[in-house]
Amino acid sequence: MPTHRLTRGCFALALALGLTGAAIHAQTPIPAEPVTGSVAITAGRSTVLTTPFDITRVAVTNPAIADATVVRPREILIDGKGPGTVSLIVWGGDLRNNYDIVVEPTVLTIEQRLRALFPGEDISVSQNDEALIMSGQVSSNQVSLRAAEVAQATTTKLKLVNLLKYPGGDDSQQVLLQVRVAEVSRTALAEMGVSFFTSPQGIENNVGRVTTQRFAAPTYNNDQLTFSDFLNLFLFNTRYDIGAVVRALRSRGLIQSLAEPNLIAYNNQDAGFLAGGEIPIPVVQGGGINAVTIQWREYGVRLNFRPTIAGDTIRLKVRPEVSTLDFANGISFGGFRIPALSVRRAETDVELKDGQSFAIAGLLNNLSQDVIDEVPGLARLPIIGPLFRSKASNATRNELMVLVTPRLVRPLNPDEVPSLPTQEDRFLPSLGGVSEQIQGGAGAVDAPQLTDSPDR
């Protein structure tokens, strides 16, 4: 009897547990199939995503690109942080939705301004830490140049890279600059002065000398006259023991110099040229060291330029300079004569077509100097006063002209390389060396054909 009751109780318990499990299984619904979608947003902006169910949890794969915040039971605020695509998963009850959040790059203010100034033009602007890059297709070269000017004026801290294209544009990125620098210097010199003197015995035992010290005059040494320079005219009367040296000189000079450097520079890259030399300049070090070091200073004909190519138009920033040694205005230091530098410099921006030229002229330097020395009192005497006065006049006129011609160039193909100039009487006959057996690039195949002269 007890055993029967126990068996019936176990059966009832098992049946109850089975019903409870079935009820639990019936109360847990199977999740619905997730819904997918896409949300587009611009970096730096926000949007609100609405769901048809109450939200319990959200997840974003990369918060650095986009971030999601639940603001209401069925609304999510999405913030675009940076360009890219991330996944957003939303849970609510037995539902789950997946979204692709596409964050587009921010449209720069400069790009909006360019599209407003040049309607209908395809201009895109991108920016990184060091450069502002313009790309797209425009209708003309003028639009490309003006758009670059606007972009450069908007941001002066970034380097501008202009990749705008237009129909018929030249793909050359190298500029050949043909420069001719001509300088003409004219000088005129006029000197006039008289010095009077007596012999060591003097006139009736009276020895004397009158000079302005502008020009060399005789000196007395041990009862003798010493002449360092007889100047232009020398007169001496042995009867009256009186003489005179006269400096009367007029001279004119003409100096011409011409330099013709040719330079090649890449687009938006600096190039320079110097035809001259360097002079050593001693520099005293401070701090009680009393040491002297040497610094070298360049002089001569210098040219620095930077080309900017925009189709068939070349914009040049040119800075020519001509400097010469000026010993007259130099200084003496530690027993050394250090010359000064006479510099003529110009800096300008020009815009030219391929092959056009521009000239920088009118760089004039006029210098006039008059020095008058006179003996007080005697120089003011009528008629004979000019004999006690010395005058030196020096006039200099320098004129500099720079003529610049830019050209777009490209490398020569192997079949376009011209032959070198040769003559019938060549150097030495060939001995059949190894170099003549090399074929291709640097061998005899590409060299100009030479013929042996009859007397070899």
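Residues numbered from 1 in each chain as written. Predicted model: local features only at pLDDT ≥ 70, side-chain atom pairs only at ≥ 80, totals over all residues. Heavy atoms only, no water.

J.: Explanation requested: helix H2 (residues 109-117) in the structure shown.
T.: Since one α-helical turn is 3.6 residues long, residues separated by three or four positions face the same way. Where H2 is concerned, the buried positions are Ile110, Glu111 and Leu114. Seen from one end, H2 has its buried residues packed into an arc of 100°, which puts them on one side. Away from its buried face by more than 90 degrees, H2 exposes Thr109 and Ala116. Looking at the buried positions of H2, the neighbouring elements they touch are strand S8 (122-127), strand S9 (131-137) and helix H3 (141-154). (Buried < 20%, exposed > 50% of the residue type's maximum accessible area, 1.4 Å probe, protein only. Helix = DSSP H or I, 4+ residues; strand = E, 2+ residues; numbered from the N terminus. Arc of directions from axis to C-beta. Contact = heavy atoms within 4.5 Å.)

J.: Whenever I open this one, the sheet that holds strand S4 (residues 66-72) confuses me. Can you help?
T.: In sheet architecture, strand pairing relies on hydrogen bonds along the backbone and comes in two forms, parallel and antiparallel. The strand order across the open sheet formed by three strands is S2-S5-S4, and the pairing between neighbours is antiparallel. Two strands close off the open sheet at either side, each with one partner strand: strand S2 (46-50) and S4. The average angle at which neighbouring strand axes cross in this sheet is 25°, direction not considered. Pairing of S2 with strand S5 (residues 75-80), which is carried by five bridges, proceeds in the antiparallel orientation. When the sheet's bridge partners are listed, threonine 50 is paired in S5 with glutamate 75. (Pairing = 2+ DSSP bridges. Axes fitted to C-alpha atoms, helices over the stretch in contact; angles between N-to-C directions.)

J.: Any chance you could explain unusual backbone geometry here in plain terms?
T.: Positive phi is not limited to glycine here, since aspartate 241 has a value of about 55°. Here aspartate 241 lies in the loop between strand S15 (233-237) and strand S16 (242-259). The residue isoleucine 383 is not glycine, and still its phi comes out positive at about 70°. Within the element layout of this structure, isoleucine 383 appears in the loop between strand S23 (358-374) and strand S24 (389-409). Residue classification places isoleucine 383 among the exposed residues on the basis of a relative accessible area of 81%.

J.: Got a minute to help me understand the nonpolar core in this structure?
T.: Core analysis: the largest hydrophobic core is formed by 25 residues, its most contacted members being Leu177, Val179, Val181, Phe305, Leu316, Phe358 and Val404. When contributions to this core are tallied by element, the ones reaching two or more residues are strand S11 (174-198), strand S17 (262-266), strand S19 (292-310), strand S20 (313-333), strand S22 (348-353), S23 and S24. The residues touching leucine 316, leaving out its near neighbours within four places in the chain, are Leu177, Phe305, Arg306, Pro307, Thr348, Asp349, Val350, Phe358, Val404 and Pro406. Val39, Phe53, Ile55 and Ile101 belong to the second-largest nonpolar core, a separate cluster that totals 17 residues. (Core = buried A, V, L, I, M, F, W, Y, C linked by side-chain atoms within 4.5 Å.)

J.: What am I meant to see in the packing of aromatic side chains here?
T.: To describe a pair of aromatic rings, one takes the distance between the centres and the angle between the planes. Counted under the stated rule, the structure contains five aromatic pairs. Centre to centre, the rings of phenylalanine 196 and phenylalanine 388 are 5.8 Å apart; their planes meet at 45°, and the pair counts as tilted. Of this pair, phenylalanine 196 sits in strand S11 while phenylalanine 388 is found in the loop between S23 and S24, placing the two residues 192 residues apart along the sequence. Its relative accessible area of 23% is what places phenylalanine 196 among the partly exposed residues. According to the relative accessible area criterion, phenylalanine 388 is buried, its value standing at 13%. Taking 6.3 Å as the distance between ring centres and 20° as the angle between the ring planes, the aromatic pair formed by phenylalanine 197 and phenylalanine 234 counts as stacked. (Phe/Tyr/Trp six-rings, centres within 6.5 Å; stacked < 30°, edge-to-face > 60°.)

J.: Mind showing me how you'd approach the pattern of salt bridges here?
T.: Working definition: two side chains of opposite charge can pair if their charged atoms are close together. Counting across every chain of the model gives 15 salt bridges. Residue arginine 302 pairs with glutamate 298 through a salt bridge whose shortest N-O separation is 2.3 Å. A salt bridge links arginine 319 to glutamate 347, with the shortest nitrogen-to-oxygen separation between them at 3.6 Å. With a gap of 28 residues between them, arginine 319 in strand S20 and glutamate 347 in the loop between strand S21 (336-345) and S22 connect regions that are remote in the sequence. What emerges from the salt-bridge pattern is a single network uniting Arg146, Glu149, Arg315 and Glu351. (Salt bridge = Lys/Arg side-chain N within 4 Å of Asp/Glu carboxyl O.)

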